[in-house]
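Below are the chains, spelled out letter by letter.
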Amino acid sequence: QVQLVESGGGLVQAGNSLRLSCAASRHTFSTYAVGWFRQAPGKYREFVAAFNWSGGSTLYADSVKGRFTLSRDNAKNTVYLQMNSLKPEDTAVYYCAARGPYYSSSSYYKEYDYWGQGTQVTVSS
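Model, not experiment: these values are computed from the prediction. (Residues numbered from 1 in each chain as written. Predicted model: local features only at pLDDT ≥ 70, side-chain atom pairs only at ≥ 80, totals over all residues. Heavy atoms only, no water.)

Looking at the overall build of the chain
From N to C terminus, the chain includes zero helices and eleven strands. A compact globule built from 125 residues should have a C-alpha radius of gyration of about 14 Å, and the chain, at 13 Å, falls within 12% of that. Dimensions of the chain along its principal axes, counting C-alpha atoms only, are 40 × 25 × 25 Å. Taking the contacts inside the chain whose residues are at least 6 apart along the sequence as the reference set, 59% of them involve residues at least 24 apart. Carbon together with sulfur atoms contributes 47% to the accessible area of the chain, which is approximately 6300 Å² in total. (Helix = DSSP H or I, 4+ residues; strand = E, 2+ residues; numbered from the N terminus. Rg over C-alpha atoms; globule rule 2.2 N^0.38 Å. Contact = heavy atoms within 4.5 Å. Areas by Shrake-Rupley, 256 points an atom, 1.4 Å probe, with all protein chains shown as cover.)

Structural notes on the environment of Val12
Locating Val12 in the fold gives a position in strand E2 (residues 10-13). The exposure class of Val12 is buried, given its relative accessible area of 11%. Separated by 87 residues in the primary sequence, Val12 and Arg99 have C-alpha atoms spaced 30 Å apart. (Buried < 20%, exposed > 50% of the residue type's maximum accessible area, 1.4 Å probe, protein only.)

So, the nonpolar core
With 35 residues, the main nonpolar core has Leu4, Phe29, Trp36, Leu81, Met83 and Tyr94 as its most contacted residues. Taken together, the elements giving at least two residues each to this core come down to strand E3 (18-24), strand E4 (33-39), strand E5 (46-51), strand E7 (68-73), strand E8 (78-83), strand E9 (92-99) and strand E11 (119-124). (Core = buried A, V, L, I, M, F, W, Y, C linked by side-chain atoms within 4.5 Å.)

Examining the sheet that holds E7
A sheet is described by the order of its strands in space; here four strands give the open sequence E1-E3-E8-E7, paired in antiparallel fashion. Either end of the sheet is taken by a strand with one partner, and the two such strands are strand E1 (4-7) and E7. Within the sheet, the average angular offset between the axes of one strand and its neighbour, ignoring direction, is 15 degrees. In this sheet, E3 lies alongside E1 in antiparallel orientation, the contact comprising four bridges. Counterpart to Glu6 in the pairing with E3 is Cys22. (Pairing = 2+ DSSP bridges. Axes fitted to C-alpha atoms, helices over the stretch in contact; angles between N-to-C directions.)

Structural notes on the pairing of E9
Among the eight residues of E9, seven are classified as buried, and the element is accordingly described as predominantly covered. Pairing of E4 with E9, which is carried by seven bridges, proceeds in the antiparallel orientation. For Phe37, the partnering residue across the bridge sits in E9 and is Tyr95. When E9 meets E11, the two strands line up antiparallel, connected through three bridges. Paired with Ala92 across the two strands is Val121, which belongs to E11. Here two bridges tie E9 to strand E10 (residues 114-115), and the two strands are oriented antiparallel to one another. Along E10, the bridge assignment pairs Ala98 with Tyr114.

Take a look at the structure:
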């Protein structure tokens, strides 16, 4: 079992930045592929970004490409989603998810086994 806890959400103005964190309970988290998804009210869960267990094969949704960046700190069992140039349409609950060990990255939410509780990101215009 892998328990995931997101943090770092909040209310920001358009154009500003936030960094979301996804901390895992398991020291073998470094062997898991991690993805971020988001869900706005009344909308389906949407893929944001993902990378494989080694931090490679990074995928980004077209809507965030060039603005969001994934990274991981294996010593802290934590994955980060740096979000720059935020837009009102980025407003959503953001979830991190993991699959593994030693899995490839995926943009399909059903391929992830473990999920965090979500963190709210609100971008005002």
